[in-house]
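A structural walkthrough
Okay, here's what each chain looks like letter by letter:
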Amino acid sequence: MAVKDAGRAARPGKRAPDDRALAQEPDRQADPAELIQLLTPEGERVEHPDYPLEISAAEVKALYRDLVIVRRIDFEAIALQRQGELGIWASLLGQEAAQVGSGRALGPRDMAFPTYREHGVAWCRGLDPVKLLELFRGVSHGGWDPTAHNFHLYTIVIGSQTLHATGYAMGIQRDGAVGDDGEAVIAYFGDGATSQGDVNEAFIWASVNNAPIVFFCQNNQWAISEPLERQSRTPLYMRAKGFGFPGVRVDGNDVLACLAVTRKAMQAAREGQGPTLIEAFTYRMGAHTTTDDPTRYRLSAELEAWKLKDPIERVKQYLIRTEQAEMSFFDEVEAEAAAVGSRIRAACQQMPDPEPLSMFDNVLTAPTAQLAAEREGFAAYLDSFEAEEATR
Amino acid sequence: MTTLTLSRALNEGLRKALEANAKALIMGEDVGKLGGVFRVTDGLQKDFGEARVIDTPLAESGIIGTAIGLALRGYRPICEIQFDGFIFPAFDQIVSQLAKMRYRSRGAVTLPLVVRVPFGGGIGAVEHHSESPEALFAHTPGLRVVACGDPVDAYTMIQQAAASDDPVLFFEPKRRYWDKAEVDVEGALAAALPMDQARVLVEGADVTVLCYGPMVRTCAEAAVAAAGDGKSLEIIDLRSLAPLDTDTIFASVRKTGRCVVVHEAVVTGGLGAEIAAQVTQECFYSLEAPVLRVGAYTTPYPPSRLEEYYLPDLDRILDAVDRSFGY
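Scope of this entry: the structure provided in the associated data block. Since the structure is predicted, the reported quantities are computational estimates derived from the model, not experimental observations. (Residues numbered from 1 in each chain as written. Chains lettered and ligands numbered in written order. Predicted model: local features only at pLDDT ≥ 70, side-chain atom pairs only at ≥ 80, totals over all residues.)

Residue and element names in this part refer to chain B. Most of strand 11 (residues 233–237) is tucked away, with 5 of its 5 residues classed as buried. Where burial is concerned, the two faces of strand 11 agree: the one with Leu-233, Ile-235 and Asp-237 and the one with Glu-234 and Ile-236 are both buried. Two strands pair when backbone bridges link them, and strand 9 (residues 199–202) and strand 11 are joined in this way by 3 bridges, in the antiparallel orientation. Residue pairing for strand 11: Arg-199 is matched across the bridge by Asp-237. When strand 10 (residues 207–211) meets strand 11, the two strands line up parallel, connected through 5 bridges. Paired with Val-207 across the bridge in strand 11 is Leu-233. (Buried ≥ 20, exposed ≤ 12 C-beta atoms within 10 Å, placed from the backbone. Helix = DSSP H or I, 4+ residues; strand = E, 2+ residues; numbered from the N terminus. Pairing = 2+ DSSP bridges.)

Below, the structure written as C-alpha cells:
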C-alpha cells in the first residue's frame, strides 16, 4: 500500500498517455500559424506581413556561405574530438540557421552573450574558430577579449549569461545609447535554460527596466536527455507575455526568418521599445556533446523528420530554383569551407599546451603576496624535477 | 562477491535504498531515461517508475527546493547535482534552507535529504566540471558531509546516507567512477562502518596522511612508494568531512607525530586548515612537525591541459611527507 500511495502522491495530475501526447503536440510540432517562416523546407520563398524582407542574391549567398562554413567548423571539431585533439565538443548541427540568421542581424556595436554552443554566432562576430577549439581542447577557458568582437565569453553554467546580458543592456540605457543610432544586446540560451531562476530573473529585470535586449532562445527540443515537455507545458515564446514583453516563434531552421525577426527585435530594442523573446524552433541534430549518446533517449524517426527541414539545403534549393546562383558557386563555397576546416584542424593539432605557471595569472588584477609565494614555490618544485633529470 | 565499478556500486546502493524505503525518491537532471550522465542511476526509472525516479526541469535551486518540500511531506529525496560546479544555483536552498530548518523548528522538522555531487577533477573536462566545493558545505552547520573513495564505501555509504534523517551532502569522486572492487552486495551494509567514522586504510608508524574521495587511491599509492623509501605512512580515509572523526585522527597523529592532509580542493580555507587547527590544538605535544597540507593552489580550476600540475599527485604528497621529516 505504501508504495502505491507514494507513487500516487508524487504524480498529481498525471495524465493518461493519450492526453499527454495531445498536450505535448503543440510544443513538439510547431503550429504553422504561429511559426514565422520566410523560406519553406522545400526552399520556397513565402511572405509574412509583419516581416517583409528585401534581400539581394548576394546577401542570400553570403548567408549560405556562413551556414556551410559553420557546419564545416562543427564537423571538423567533432572529428578532432574523436581523434583525441579536443576534450569535448558541443555540436551546433541543425542550429546553423538560428545562429547565422540572428548573428547577421547584429550591428558591430551590438553585444552578444552566448552559451557554449554558439559557434555560428561566434563566426558571424568574427571570432576565430580556433579560439573555440582552445576552450574545448582544455587550453583556455575561452580567453578572448569580449570587447574585441562584442562577443562575450562562452557561459557553461546554464542561463547565467542572460542576467549579464540584461545588466549590460541596462548599462547601454545609462550611457544614453538607446534611440536613434542606438545599441542593443542579444542573449542566447536554450530550452532547458528557461527553467533556471536566472533566466526568469533576467526576464523580470529586462522588463521592468525596458532594457534594450533580445532574448534569443534556441529551442532545440532537448536538454541533454530531457524533452521540452520536462521544462514547459506552454510554448516558450508565450512566456514573454507574462513578463510584459512580446514573444515570437520563428522557424529556427529558416535563416531568412531568423534574420528578419532578429533584425526587427534588435531595432526595436535599440530604439527604446524594450525586450523581445524570440523562440527559434529548431532541433539538435547531434548529441548534446561528444560524450552524450542520444540513442538512449530519443527515437531516430524524430531525427529523420527533422533532416527534411535542414537549414542549409533549403537555401541551396532556393538559390537554384530562383537561378540566383550557378553550380560553381556551391563548389566554391564547399572549397572555402574545406579550407577553413583544414586551417583550424592544423591550428588545433599544433596548439601548444599552456605554460604551467600561467595558471597563476589573472586571478586578481595583481597577484597577492600569498599567490606570488605559491607561484614561486610551484616553480621551484617544477625545477626540482628538471634538476633531478639533469643529474641522471 | 561481485566486481563493481564505483558508479555501478552507487547504482546498486541506490537500488537498495529505493527498495528499503517506499518514500525514497531519486531526482535530478537526466537521471531517468538517460540514467545520469555518469550512468549512476541507470535503469532505476525503468524499474521504479517515473514517480520515484524523476527527470526534473533544468534548475538546481528547483531540485533542492522541491526536494525540501517533498521531504516536508514525508518523502526521502536523493537528489543528483550533475556536476560540482552546478551546485551553486542551489547554494541558497542548501545553506539557508536545508541546513537550518531543523534548528529553526526546534527539532520539529526533519529533512532526510541526500544531495549527490560528482566532484573533483582529473577527467579533462571544461570549466565547472572539476571542482571541489566540499569545504563550503562542511563549513555550514546543519549538514552532514561525506565522500566515498572506493566501490565498497560507495555502495554502503549511499545506503547509509539515504537512511539518515539528517541532510547529507554526498560527494562522489568522479574520476574514480570506473575504479573496480569486489563488493559483497548482501553483507556489506551490515558490516559497514558508520558513515561518520574514518577508516585507517593503511597502518603506518611515521606519518599520518589524511585524505578522502579521489585522493584515497593516490595516497594509498603514496604509501607503497614511501615504503620503498623506508617511510611508513598511515593512510586514513576520512569518509566523513562533517562531522570529522577526530578520535581516529588524533589517535593516529599521537602515534606517528606527523600529519599531512591531502585534498583536491584549494588549500586556502579548505578542510585541511580545519584539521590542522584541531590537530595542533589536541596533539600539540605529540607533533614532530607542523601539520602540512597538499591541495590545489589559490586559483580557479585551470584549463584541463594544466590540471595535472594543479591537482595533488603522488609526487606532491611524497614531497610533503619529506618536508614533514625536515623539522
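To continue, consider the sheet that holds strand 14 (residues 292–296) of chain B. Residue and element names in this part refer to chain B. One open sheet accounts for 5 strands, arranged 9-11-10-13-14; its pairing is mixed. Strands with a single pairing partner mark the edges of an open sheet, and in this sheet they are strand 9 and strand 14. If you compare each strand with its neighbour and ignore which way they point, the axes differ by 25 degrees on average. Inspection of the sheet shows strand 13 (residues 259–266) paired to strand 14 by 4 bridges, in the parallel sense. (Axes fitted to C-alpha atoms, helices over the stretch in contact; angles between N-to-C directions.)

Once that is clear, we can look at the environment of Ile-158 of chain A. Mapped onto the secondary structure, Ile-158 of chain A falls in the loop between helix 6 (129–137) and helix 7 (160–174). Using a count of 26 C-beta atoms within 10 Å as the deciding quantity, one classes Ile-158 of chain A as buried. For the pair Ile-158 of chain A and Thr-194 of chain A, spaced 36 residues apart in sequence, the C-alpha to C-alpha distance is 9.2 Å. Setting aside residues up to four positions removed in sequence, Ile-158 of chain A forms contacts with Gly-192, Ala-193 and Gln-196 of chain A together with Leu-58 of chain B. (Contact = placed C-beta atoms within 7 Å.)

Right, let's get into the packing of helix 3 (residues 60–72) of chain B against helix 4 (residues 91–98) of chain B. Residues and elements named next belong to chain B. Contact pair helix 3 / helix 4: the axes reach a minimum separation of 7 Å and the direction vectors enclose 30 degrees. Relative to helix 4, the element helix 3 lies roughly parallel. Contact residues: Ser-61, Ile-64, Gly-65 and Ile-68 in helix 3; Asp-92, Gln-93, Ile-94, Gln-97 and Leu-98 in helix 4. (Parallel < 35°, antiparallel > 145°, perpendicular 65-115°, else oblique.)

By themselves, these observations are geometric and do not establish any function.
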